[in-house]
Amino acid sequence: MPFFTTTLLRPQTLFQSQPQSKTLISLLLPLLLRRPISSSPSPMASSSSSEATLREVLAEKQAAVDAHAEAVRTLKARPGTPQSEIDSAVESLKGLKLEVAAVAKRLQAEGSANGDGVTGGLSKDVFRQTVVNTLERRLFFIPSFKIYRGVAGLYDYGPPGCAVKSNVLAFWRQHFVLEENMLEVDCPCVTPEVVLKASGHVDKFTDLMVKDEKTGTCFRADHLLKDYCKEKLEKDLTLAPAKVAELKHVIAVLDDLSAEELGAKLKEYGITAPDTKNPLSDPYPFNLMFQTSIGPTGLSTGYMRPETAQGIFVNFKDLYYYNGNKLPFAAAQIGQAFRNEISPRQGLLRVREFTLAEIEHFVDPDDKSHPKFHDVAKLEFLMFPREDQLTGKSARKIFLGEAVSKGTINNETLGYFIGRVFLFLTHLGINKERLRFRQHLPNEMAHYAADCWDAEIESSFGWIECVGIADRSAYDLRAHTDKSGVPLVAHEKFSEPREVEKLVITPSKKDLGLAFKGSQKMVVEALEAMPEKEALELKATFESKGEAEFLVCTLGKTVTITKNMVTISMEKKKEHQRVFTPSVIEPSFGIGRIIYCLYEHSFYTRPSKSEGEQLNVFKFPPIVAPIKCTVFPLVKNDQFDEVARNIAKALTKAGISNIIDITGTSIGKRYARTDEIGVPFAVTVDSVTTVTIRERDSKEQIRVAIDEVASVVKEVTEGQSTWADVMWRYPTHAASSDE
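Small disclaimer: the values here were computed from a predicted structure and weren't measured. (Residues numbered from 1 in each chain as written. Predicted model: local features only at pLDDT ≥ 70, side-chain atom pairs only at ≥ 80, totals over all residues. Heavy atoms only, no water.)

**Describing the packing of helix α19 (residues 509–516) against helix α20 (residues 520–528)**
The cut-off we apply is this: Interaxial angle, 0 to 180 degrees, is taken between N-to-C directions of lines fitted to C-alpha atoms, where a helix line uses only the stretch in contact. In this description a helix means any DSSP run of H or I spanning at least four residues, a strand means any run of E spanning at least two, and both kinds are numbered starting from the N terminus. Relative orientations are named as follows: roughly parallel for angles under 35 degrees, roughly antiparallel for angles over 145 degrees, roughly perpendicular for angles from 65 to 115 degrees, and oblique for any other angle. Working rule for handedness: look at the near helix, and if it is turned counterclockwise from the far one by less than a right angle, call the crossing left-handed; if clockwise, right-handed. In this description, contact between two residues means that some pair of their heavy atoms is separated by no more than 4.5 Å. When residue character is reported, Ala, Val, Leu, Ile, Met, Phe, Trp, Tyr, Cys and Pro are called nonpolar, Asp, Glu, Lys and Arg charged, and the others, Gly included, polar.
The interhelical angle for the contact between α19 and α20, taken along N-to-C directions, is 130°, at an axis separation of 9 Å. Comparing the axis directions of α19 and α20 gives the class oblique. Between α19 and α20 lies a crossing whose hand is right-handed. On α20, the residues touching Lys 509, Leu 512, Gly 513 and Phe 516 of α19 are Gln 520, Val 523, Val 524 and Leu 527. Residues belonging to the contact of α19 with α20 are distributed by class as follows: five nonpolar, two polar and one charged.

**Considerations on the pattern of salt bridges**
Here is the rule: One side-chain nitrogen of Lys or Arg within 4 Å of one carboxyl oxygen of Asp or Glu is enough to make a salt bridge.
Under the defined criterion, the tally for this structure stands at 43 salt bridges. Glu 402 is the salt-bridge partner of Lys 406, the closest N and O atoms lying 3.1 Å from each other. Each of Asp 207, Arg 220, Asp 222, Glu 341 and Arg 350 takes part in a single network of salt bridges with overlapping partners.

**Some points on the packing of helix α7 (residues 159–178) against helix α17 (residues 412–428)**
At a minimum axis distance of 11 Å, the contact between α7 and α17 shows a crossing angle of 145°. In the packing of α7 onto α17, the handedness of the crossing is right-handed. For the pair α7 and α17, the contacting residues are Val 168, Phe 171, Trp 172, His 175 and Phe 176 in the first and Arg 420, Val 421, Leu 423, Phe 424, His 427 and Leu 428 in the second. For the contact of α7 with α17, a count of residues per class yields eight nonpolar, two polar and one charged.

**Points about unusual backbone geometry**
Look at the link from Leu 327 to Pro 328: it is a cis peptide, with omega at -5°. Turning to its location among the elements, Pro 328 is positioned in the loop between α14 (316–322) and β10 (329–338). The backbone of Ser 473 sits at a positive phi, close to 55°, despite the residue not being glycine. Within the secondary structure layout, Ser 473 lies in the loop between β16 (462–471) and α18 (475–484).

**Let's talk about the sheet that holds strand β7 (residues 284–287)**
Strand pairing within a sheet occurs via backbone hydrogen bonds; the two strands may be parallel or antiparallel. The condition that has to hold: One bridge is not enough; two strands pair if DSSP finds at least two bridges between them.
Here we have three strands laid out as an open sheet, ordered β6-β5-β7, and antiparallel in their pairing. Pairing within the sheet leaves two strands with one partner each, and these edge strands are β6 (218–220) and β7. Adjacent strand axes in the sheet meet at a mean angle of 50° when their direction is disregarded. With four bridges connecting them, strand β5 (residues 206–211) and β7 associate as antiparallel partners. Residue pairing across strands places Thr 206 opposite Asn 287, the latter belonging to β7.

**A look at helix α11 (residues 241–252)**
Quick note on the threshold: By definition here, a helix of n residues has an expected span of 1.5 Å times n minus one. A 1.4 Å probe rolled over the protein chains alone gives each residue an accessible area, and that area as a share of the maximum for its type sets the label: buried under 20%, exposed over 50%, partly exposed in between. Comment: arc refers to directions from the helix axis out to C-beta atoms.
Over its twelve residues, α11 runs 17 Å from end to end, which matches the ideal 16 Å to within 8%, given 1.5 Å per residue. Buried within α11 we find Val 244, Leu 247 and Val 250. Burial along α11 is one-sided: seen end-on, the buried residues are contained in an arc of 125°. The outward face of α11, more than 90 degrees from its buried face, is lined by the exposed residues Pro 241, Ala 242 and His 249.

**Here's the deal with the environment of Lys 649**
Inspection of the secondary structure puts Lys 649 in helix α23 (residues 638–653). Sequence-wise, Lys 649 and Ala 710 are 61 residues apart; in three dimensions their C-alpha atoms are separated by 9.2 Å.

**Notes on the sheet that holds strand β27 (residues 690–695)**
Here we have six strands laid out as an open sheet, ordered β25-β24-β26-β27-β28-β29, and mixed in their pairing. The outermost strands of the open sheet, each flanked by one partner alone, are β25 (658–660) and β29 (732–733). Where α23 meets the sheet, its contacts fall on β24 (629–633), β25, β26 (681–685) and β27, and the angle it forms with β24 comes to roughly 165°. Relative to the sheet, helix α25 (residues 709–717) contacts β24, β26, β27 and β28 (701–705), its axis offset from that of β27 by approximately 15°.

**Some points on the pairing of β26**
Burial within β26 is extensive, with five of its five residues counted as buried. Relative to β27, β26 is paired through four bridges, and the arrangement is antiparallel. Across the sheet, the residue bridging to Val 683 is Ile 693, located in β27. Two successive antiparallel strands, β26 and β27, enclose a turn made up of four residues.

**Observations concerning the side chain of Asp 675**
You can see Asp 675 is positioned in helix α24 (residues 667–675). Using a relative accessible area of 4% as the deciding quantity, one classes Asp 675 as buried. The contacts of Asp 675, once residues within four sequence positions are left out, are Arg 606, Asn 616, Val 617, Phe 618, Arg 694 and Arg 696.

Any functional reading would require information beyond the geometric quantities listed.
Shown next, in the form of structure tokens:
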């Protein structure tokens, strides 16, 4: 499609009757005769390069408008200029402005990425509001405590929302827990402080917050900065390319900015409180955990858990025993988690209480192969490796086996779970073209992690992280071992004893006691816990100097250790087993986020019989649909009503959720009501021997004997057959005139 349709007068024509305008012509020609852009960029061009081109064109066209406007003002100010000449110049200026408007519109569309594949051609805001209005009106979810004006970040699931959530979790259990023989646990939400101290949450689970200096209202500092940058990029079409690059860079490194750097950016851009425009405080850390006390005295501090994983880690020893002391094995948990978000927004995507489904797969750090990796190796889907992110490339389709063999994905077990997550999400109904796996950048990676990927789903809010799949190495079990004193380790028994050279550290408790008295125990423990490298360095220092400085963390100071206080040697020993701390591969699922993205991916509209009216439809796959089938008597009739009730009983007995509607309203309206909550099949009773079954999206119907209805619906909803399969077996039926 051409960018511009306006034909402009050439500058030579515009000024041909004014010889004295040669200087104006020489000024305008370079601007008005820039390189023409008459068609849209190649579909193969990346969005970033297309956007850069459009911004460059817009800047050139705007410069042409400014120059032409100045020329028009000059003509008007010059005595004796014919009115026809002025009118011609003004018309030419209007044409230039139309060109600028066309480029600006195209740039806006490019920046907001509102293609039909994302929002059905609607703007993101309109599409999102349509979806949310439908979800709230049909009671999929509603703000909690609504009659008391609600609380930000808390939502209730209504009947269809509960059913969708239950179906998603049931499929999650089937797809992961049953398929992988996982050990499922259910741990308390209230967690003692010592557990979360060991995991690092007490000290480090923070976001940077700023306050409105006059009202005290709190905001997440990074959100304010990100919103500012995104709004400038989307709405300020005159930004210079250097400024565009700067704002995009700020968004990319947000997670890596310190409090001081974040505060400096807020001041540099003049960012104020969103509603009041009041000045903001400097950013400072805010811990996101809900603190509570355990017991009536208030002396035992606890927290509402921010994740479910810690309950699995602290139970590792018992789970390992339950599994026959064998690795690898996985434990899973579904449960509520709590995060005291500073300023929740984006509906179900950022809430203060939410459901997590987490897996901790324990594996030998020396062998991260997976026996079932070949089952997923041939999957091909969108991946976004860190190298592509850092070089400005886009996500691309890669075969999973290739990504693992080339080392893009760290190991087979991590790759296996990435593949299983892809299958889980796409079977739920997530569009695979709007699902990508993005590798964490170096600044996002925890220091102990070997590799980490996020399953991101594209929605009207952009790309949303819904599942994290990380190789966390042995960090978690070691942290709880150190804090609790209970070794959370695994054993590998050797068929034959092996002779190994081992470090032996033997503190002289007598000499250490004389030197350190009451601190002796802490010094002994620190010496015994020394890593091999540090111990050998200490030994070398003893041999050259006779003494050495030694840091005792529990004392918080450095002490002097002499040669006679500790013996360090390497000795050969026979070992019958290897003792090691397992590594952990952790897929963590934000169930609420997945469900919201599923709502958007499943939503579409289609025209009704009423002119100009659009009907809302959720095309949920049967596996997650809140209700699998509806039953309608075609007309109000005692015989038809009785048949409908019998069919509903048979469906219920077969385990198929259903509703019966004998209201007598038009069949078209009843279809529309159930399409709007995503019911995949509708049974219409129009005789006492056979009925029709209608499929939601195609609106095709088949005729089936009454006693076969339940079995047909069951085999299609459970995936034993497809709708196309059953259409081959049963006669088709013309759609109702109300369709």
